[in-house]
Amino acid sequence: GAWTTIHGKTMKVYATTVVAGGESETGTIKTDSKTYLHVRAKDAWISLDDFQVEGKKRMKARDFFLGNKL
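Draft legend 1. Region of interest: the packing of aromatic side chains. According to the stated counting rule, one finds two aromatic pairs in the structure shown. Summarising the aromatic geometry, the rings of Phe64 and Phe65 are spaced 5.3 Å apart at their centres and angled 70° between planes, so their arrangement reads as edge-to-face. On the basis of relative accessibility, which here comes to 7%, the residue Phe65 falls in the buried class. Among the aromatic side chains, those forming a connected cluster through ring pairs are Phe51, Phe64 and Phe65.

Spelled out as structure tokens, the structure:
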């Protein structure tokens, strides 16, 4: 499994998808703050589709943005 931190809390990542996008520095975040959360990995953009933030239920990106801002 994969994990990261967001707002000082651990985020467990359960499902991802490789998505198209241009070149950017590894670790760059791209979002519309409503429906998607993409992170630039070494060779591709990764969409974080299904994840769980510490203290919260497992959710989709669009559900995360209902109560959170990046």
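Draft legend 2. Examining unusual backbone geometry more closely. One non-glycine residue with positive phi stands out, namely His7, at about 50°. Here His7 lies in the loop between β1 (2-6) and β2 (9-19). The exposed category is assigned to His7, whose relative accessible area is 55%. In this structure, Ser33 is a non-glycine residue whose phi angle is positive, near 60°. With respect to the element layout, Ser33 can be found in the loop between β3 (29-31) and β4 (37-40). Take Ser33: its relative accessible area is 26%, and that puts it in the partly exposed class.

Draft legend 3. Just the pairing of strand β5 (residues 45-53), in detail. Two elements, β2 and β5, share eight bridges in a ladder whose sense is antiparallel. Note on β5: the bridge partner recorded for Thr17 is Ser47. Summarising the sheet, β4 and β5 pair through three bridges and their orientation is antiparallel. Looking at β5, one finds that His38 is bridged to Ser47. Taken together, β4 and the strand that follows it, β5, pair antiparallel across an intervening segment of four residues. The pairing of β5 with strand β6 (residues 59-60) spans two bridges and is antiparallel. When the bridges of β6 are listed, Phe51 appears paired with Met59. Connecting β5 to the antiparallel partner β6 that follows it, the hairpin turn spans five residues, and Gly55 within it adopts a positive phi of roughly 85°.

The rules behind these values
Residues numbered from 1 in each chain as written. Predicted model: local features only at pLDDT ≥ 70, side-chain atom pairs only at ≥ 80, totals over all residues. Heavy atoms only, no water. Phe/Tyr/Trp six-rings, centres within 6.5 Å; stacked < 30°, edge-to-face > 60°. Buried < 20%, exposed > 50% of the residue type's maximum accessible area, 1.4 Å probe, protein only. Helix = DSSP H or I, 4+ residues; strand = E, 2+ residues; numbered from the N terminus. Pairing = 2+ DSSP bridges.

Remember that the coordinates give geometry; whether it matters functionally is a separate question.
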